[in-house]
Protein chains: 2
Amino acid sequence: MSRGNTGVTAQAVHAEACPVREVLDRVAGKWSVQILVAAAHGPIRFTELERSIDGISRRMLTLTLRNLERDGLVTRTVHPTVPPKVEYELTTVARELHVTLLSLTDWAERHRVTIAESRAAYDDRHRPEPLDA
Amino acid sequence: MSRGNTGVTAQAVHAEACPVREVLDRVAGKWSVQILVAAAHGPIRFTELERSIDGISRRMLTLTLRNLERDGLVTRTVHPTVPPKVEYELTTVARELHVTLLSLTDWAERHRVTIAESRAAYDDRHRPEPLDA
DNA sequence: CTGTATCCCTAACGATACTG
DNA sequence: CAGTATCGTTAGGGATACAG
């Protein structure tokens, strides 16, 4: 995701100094978590992922999988058959993360309504213009 | 972050259908987690945050704080003094998240080396060009 | 001290057509 | 089936100057 740099960027330097961000870059991205969750139940094929993750494009599925593979979070196994069959599976490292991810989504479930209300209230307070005329 | 839409976007529709992404949007962003962590020990002032979070710009600190406030994850208290004093504090909802966040950063700490190696190995395997001549 | 307002750049993403 | 390649859009973010 950050190849092709001409030199050492401020980002890179900072990443070195900041483990916190380093993690999140791995789990952030629009689709990583959903892929991790979808693959949690065992080996899963490319098309199965594509179908089970609603709204993802082929391109993003590929890109995200490549990044996860690069970070050692998923393995990619190509079966030399015809038609081709490729299976993705979580590594043990990723499976450890999975527990935390569940904790995250659980937190979300529990508070999503509250947060939604908070948002609505905030947006209400900060409306377009007072305009009392 | 997504105001000013002219209509119901695909994103919005999807967010409604997908709680998973909904959470992460709240915690993603480049600085949210670091702010949440920095504010975990009690009320903290704007400038203190700015100093404790290395590399953050004033703009992003403000923006991220506003979003966290909007979602009800931090409270903003203005003390009408001169010079002004503003304190940010985590809400109970956010404090629950904090535990999970620690779990995340802990995971990162434990695997950061492995992941870094995985990356290096991957990049090595997928070098510029074989070019055996 | 605690922010806004601008400008600008880049990475991330989406759509779609093509391929081994 | 499992991807690339290409093109276009936009949202996130950095730098900096200004303001209550």
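How each quantity is defined
- Residues numbered from 1 in each chain as written.
- Chains lettered and ligands numbered in written order.
- Predicted model: local features only at pLDDT ≥ 70, side-chain atom pairs only at ≥ 80, totals over all residues.
- Heavy atoms only, no water.
- Contact = heavy atoms within 4.5 Å.
- Salt bridge = Lys/Arg side-chain N within 4 Å of Asp/Glu carboxyl O.
- Polar contact = N/O pair within 3.5 Å; in protein donor to acceptor, adjacent residues only side chain to side chain.
- Helix = DSSP H or I, 4+ residues; strand = E, 2+ residues; numbered from the N terminus.
- Pairing = 2+ DSSP bridges.
- Axes fitted to C-alpha atoms, helices over the stretch in contact; angles between N-to-C directions.

Chain A carries the name Winged helix-turn-helix transcriptional regulator in an unreviewed UniProt entry, which gives Streptomyces kaempferi as its organism.

**As for the interface of chain A and chain B**
Facing the 43 residues of chain A at the interface are 43 residues of chain B. The interface formed by chain A and chain B holds 6 salt bridges in total. A salt bridge links A:Asp71 to B:Arg119; its shortest N-O distance comes to 2.5 Å. Our count for the contact surface shared by chain A and chain B stands at 18 residue pairs in polar contact (both at pLDDT 80 or more). Mapped by element, the contributors of at least two residues to the side of chain A that touches chain B are helix H1 (10-17), helix H2 (19-27), helix H3 (32-38), helix H5 (58-70) and helix H6 (92-125) of chain A. The greatest single-element share of the side of chain A that touches chain B, amounting to 18 residues, is contributed by H6(A).

**Focus on the sheet that holds strand E2 (residues 74-79) of chain A**
Residues and elements named next belong to chain A. Strand order in this open sheet of 3 strands is E1-E3-E2, and the pairing throughout is antiparallel. What marks the edges here is a single partner per strand, and that holds for strand E1 (44-45) and E2. Taken together, the 2 bridges between E1 and strand E3 (residues 85-90) define a ladder with antiparallel strand orientation. Along E3, the bridge assignment pairs Arg 45 with Glu 87. Set on the sheet, H5 makes contact with E2 and E3; between it and E2 the angle comes to about 115°.

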